[in-house]
Amino acid sequence: QLSLFRLTMKRLFSASHSSVDSKEMKKFQLLAQKWWDEEGEYSALHSMNDIRVPFIRDTLLNMSSNYHLGNPLSGVKILDVGCGGGLLSEPLGRLGASVTGIDPLEDNIRTADQHKSFDPVLAKRIQYKSSSLEEIVEECMETFDVIVASEVVEHVADLEMFIKCCSQVLKPEGSLFITTINKTQLSYVLGIVVAEKIIGVVPEGTHEWEKFVPPEELERLLESNGFSVKTVNGMLYNPLLGSWSWMESTSINYAMHAVKSGAQGQSSPADAPSELGNEQPLATAGTTM
């Protein structure tokens, strides 16, 4: 009876308190069919792969001594949170990773599933699930080596809860990769006015400036939830070329890599000061690939 009571309470809690924002869901539902149109509404996310995929790959290779030629991420279990149509899940799967992509919108998952089915290798390596992050926490405690949340945190309803859930499903010393938009006047002008209203590279209404997250705030939330932030890199989108590059300033877009602390709160070997020095050039080198 007690377990039934707990289950009922848990369901009530998860129904009333979720990191998923229903307003955001409605926005993306209208675009669910358009994920794989490289010239369409998601063109900027397609080209972001040119820098975010090498950033993830090189950072992980730099932390590991296991190299698999041709499949550099072989054996790595990755959770792609808010995977959409699978734009980032697929290249990570091609690098050899075992990828679980979750998205609360069933239409997105349908699109992602359909697209991966064209490639028998990816069909085996990637599994998609229509789910929020908190819905999988219990079955996936300390399951994943890596979590990627790319262009997601600016859409969640409760960021601290989202980060807590990331920590719960990540193995000790696991890596969390986030890309998102800073909350500055410049990001408002370029990310909303120019990108959405003037050149239309992002569908109008995609972003709300109030929900943008400054890197200092994200770092503080991560550090207070058992993560050690290793890298913060600024990103710049050139709408004329349709391409992304790394830059010093984080005033518009940025990428962050954080590592969950080891078991019993011990600092992991990855926390050594030399880690940051090693990692940065590789992350920056991603632009040339």
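Residues numbered from 1 in each chain as written. Predicted model: local features only at pLDDT ≥ 70, side-chain atom pairs only at ≥ 80, totals over all residues. Heavy atoms only, no water.

- Per an unreviewed UniProt entry, the protein goes by the name Ubiquinone biosynthesis O-methyltransferase, mitochondrial and belongs to Eudyptes sclateri.

## Comments concerning the overall build of the protein
Piece 1. When its secondary structure is counted, the protein shows 11 helices and 8 strands.
Piece 2. In the protein, which comprises 289 residues, the share counted as buried stands at 51%.
Piece 3. Here the protein has roughly 13900 Å² of accessible surface; of this, 55% comes from carbon and sulfur atoms. (Helix = DSSP H or I, 4+ residues; strand = E, 2+ residues; numbered from the N terminus. Buried < 20%, exposed > 50% of the residue type's maximum accessible area, 1.4 Å probe, protein only. Areas by Shrake-Rupley, 256 points an atom, 1.4 Å probe, with all protein chains shown as cover.)

## Comments concerning a nonpolar patch on the surface
Piece 1. A surface patch of nonpolar side chains, amounting to about 320 Å² of accessible area, comprises Leu186, Tyr188, Val189 and Leu190.
Piece 2. Position of Leu190 relative to the elements: it lies in helix α9 (residues 185-198). (Patch = residues over 30% accessible without salt bridge, like charges linked within 9 Å, V, L, I, M, F, W, Y side chains within 5 Å. Salt bridge = Lys/Arg side-chain N within 4 Å of Asp/Glu carboxyl O.)

## Considerations on the packing of helix α8 (residues 159-169) against helix α10 (residues 215-224)
Piece 1. Relative orientation of the contacting elements α8 and α10 amounts to 45°, with a least axis distance of 10 Å. One finds that α8 runs oblique with respect to α10. The hand of the α8/α10 crossing is right-handed. Contacts between α8 and α10 involve Leu159, Glu160 and Ile163 from the former and Leu218, Leu221, Leu222 and Ser224 from the latter.
Piece 2. Broken down by class, the residue content of the contact of α8 with α10 amounts to 5 nonpolar, 1 polar and 1 charged. (Axes fitted to C-alpha atoms, helices over the stretch in contact; angles between N-to-C directions. Parallel < 35°, antiparallel > 145°, perpendicular 65-115°, else oblique. Left-handed = near helix turned anticlockwise from the far one by under 90°. Contact = heavy atoms within 4.5 Å. Nonpolar A, V, L, I, M, F, W, Y, C, P; charged D, E, K, R; others polar.)

## Regarding the nonpolar core
Piece 1. If you look at the biggest cluster of nonpolar residues, it comprises 36 residues, and the most contacted ones within it are Leu73, Ile78, Leu92 and Val148.
Piece 2. Of all elements in the fold, only α3 (43-63), α5 (106-116), β3 (126-130), β4 (144-150), β6 (227-238) and β7 (243-247) reach the threshold of two or more residues within this core.
Piece 3. No other element matches α3, which puts 8 residues into this core.
Piece 4. Val81, Ile102, Cys140 and Cys165 belong to the second largest nonpolar core, which has 32 residues in total. (Core = buried A, V, L, I, M, F, W, Y, C linked by side-chain atoms within 4.5 Å.)

## Focus on the pattern of salt bridges
Opposite charge on two side chains lets them pair, provided their charged atoms get close.
Piece 1. If you walk through the whole model with that rule in mind, you get 10 salt bridges.
Piece 2. Salt-bridge contacts for Arg110 lead to Glu106; the nearest nitrogen and oxygen are separated by 3.7 Å. One end of the pair, Arg110, and the other, Glu106, are both in helix α5, 4 residues apart, so they sit about a helical turn from each other. Across this residue pair, the class does not change: Arg110 and Glu106 are exposed.
Piece 3. Connected through shared salt-bridge partners, Glu106, Asp107 and Arg110 make up one network.

## Here's the deal with the sheet that holds strand β1 (residues 77-81)
Piece 1. An order of β3-β2-β1-β4-β5-β8-β6-β7 is seen for the 8 strands of this open sheet, with the pairing classed as mixed. The sheet terminates laterally at β3 and β7, the two strands that pair on one side only. Across this sheet, the average inter-strand angle for adjacent strands is 20°, counted without regard to direction.
Piece 2. Looking at chain direction, β1 and strand β2 (residues 98-103) are connected through 5 bridges and run parallel. Bridging from a neighbouring strand, Asp80 pairs with Gly101 of β2.
Piece 3. Contacting β4, β5 (170-181), β6, β7 and β8 (253-260), α3 runs over the sheet at an angle of about 45° to β7. (Pairing = 2+ DSSP bridges.)

## Some details on the pairing of β2
Consecutive side chains of a regular strand alternate in pointing toward one face of the sheet and then the other.
Piece 1. Burial of β2 is extensive: 5 of the 6 residues sit out of reach of the surface.
Piece 2. In this region the chain leaves β1, passes through helix α4 (residues 89-94) and returns to the parallel neighbour β2; the handedness of that crossover is right-handed.
Piece 3. Where β2 and β3 come together, 5 bridges link them in parallel fashion. Across the sheet, the residue bridging to Gly101 is Tyr128, located in β3. (Right-handed = clockwise from strand over helix to strand, strands pointing away.)

## Notes on α3
Piece 1. The first and last C-alpha atoms of α3 sit 31 Å apart over 21 residues, in line with the 30 Å expected at 1.5 Å per residue.
Piece 2. Of all bends in α3, the biggest is about 40°, found at Asn49.
Piece 3. Within α3, 18 of the 21 residues are buried, which leaves it mostly tucked inside the rest of the structure. (Expected span 1.5 Å × (residues − 1). Bend = angle between axes of the 7 residues up to and from the residue.)

## Points about the packing of aromatic side chains
Piece 1. Enumeration over the complete set of coordinates arrives at 4 aromatic pairs.
Piece 2. Relative to Phe177, the ring of Phe55 has its centre 5.7 Å away and its plane inclined at 85°; by these criteria the two rings are edge-to-face. Here Phe177 lies in strand β5 and Phe55 lies in helix α3, a separation of 122 residues in the sequence. Phe177 matches Phe55 in its accessibility class, with the two residues each being buried.
Piece 3. The structure contains a cluster of three or more aromatic residues connected by ring pairs, namely Phe55, Phe177 and Trp246.
Piece 4. Lying across the ring of Phe144, Lys77 places its NZ or CZ 6.0 Å from the centre. (Phe/Tyr/Trp six-rings, centres within 6.5 Å; stacked < 30°, edge-to-face > 60°. Lys NZ or Arg CZ within 6 Å of the ring centre and 35° of its normal.)

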